[in-house]
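These are the residues of each chain, in order.
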Amino acid sequence: MDAYEGVEKDLQKLLTGGEILGVTNPEEKDKILFPRGESFLVELDGCVTLELPKLPPPSIAPSAGILQARKLHSRIVKTDVDPRLQIRRGEAIRVGGEWFRVSSAVREDLPLDKQPPRA
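Attention here is on the structure that accompanies the text. Every value quoted in this text rests on a predicted model; they were computed, and no experiment measured them.

### What to know about the pairing of strand 1 (residues 20-25)
Here is step 1 of the chain: Bridge count for strand 1 against strand 2 (residues 30-35) is 6 bridges, and the pairing is antiparallel. Looking at the pairing, V23 lines up with I32 of strand 2.
Here is step 2 of the chain: Two successive antiparallel strands, strand 1 and strand 2, enclose a turn made up of 4 residues, where K29 displays a positive phi of approximately 50 degrees.

### Here we look at the pairing of strand 6 (residues 98-101)
Here is step 1 of the chain: The sheet contact formed by strand 5 (residues 92-95) and strand 6 spans 4 bridges and is antiparallel. Considered in strand 6, the bridge of I93 is made with F100.
Here is step 2 of the chain: The antiparallel hairpin formed by strand 5 and strand 6 contains 2 residues in its connecting segment, where G96 sits at a positive phi of about 55 degrees.

### Quick notes on helix 1 (residues 7-16)
In an α-helix, one turn spans 3.6 residues; hence positions three or four apart end up facing the same way.
Here is step 1 of the chain: All buried positions along helix 1 are accounted for by V7, L15 and T16.
Here is step 2 of the chain: For helix 1, the elements touching its buried residues are strand 1 and strand 2.

### Let's talk about a nonpolar patch on the surface
Here is step 1 of the chain: Among the surface-exposed residues, L21, V23, I32 and F34 lie close enough to one another that they form a single nonpolar patch of about 320 Å² accessible area.
Here is step 2 of the chain: Relative to the helices and strands, I32 resides in strand 2.

Calculation notes
Residues numbered from 1 in each chain as written. Predicted model: local features only at pLDDT ≥ 70, side-chain atom pairs only at ≥ 80, totals over all residues. Heavy atoms only, no water. Pairing = 2+ DSSP bridges. Helix = DSSP H or I, 4+ residues; strand = E, 2+ residues; numbered from the N terminus. Buried < 20%, exposed > 50% of the residue type's maximum accessible area, 1.4 Å probe, protein only. Contact = heavy atoms within 4.5 Å. Patch = residues over 30% accessible without salt bridge, like charges linked within 9 Å, V, L, I, M, F, W, Y side chains within 5 Å. Areas by Shrake-Rupley, 256 points an atom, 1.4 Å probe, with all protein chains shown as cover. Salt bridge = Lys/Arg side-chain N within 4 Å of Asp/Glu carboxyl O.

Written out as structure tokens, the structure is:
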């Protein structure tokens, strides 16, 4: 292969991070790389709820800092249908007009070739 040293490691990072797509060719034991395609939106099944961090009681006026901190917190989105068949790690979902990114963190307990699919 005519490339710079470390290219395979860099390509694996791009694949793991979902920046490019790779399709394995079992006949030649090779992988074909593709750029990510255009974004598209689909409606997911089920009923979705969003849990927000609690604000202080009304007797204590929330400061701008508390309101800003609420915006920066992680949020938990719950659904009555398992969404794993419809979304993949790294994809964005929109709930109630707000966009969320599905975690694409690499699982430390699995080798890269056993990681769940990413977008």
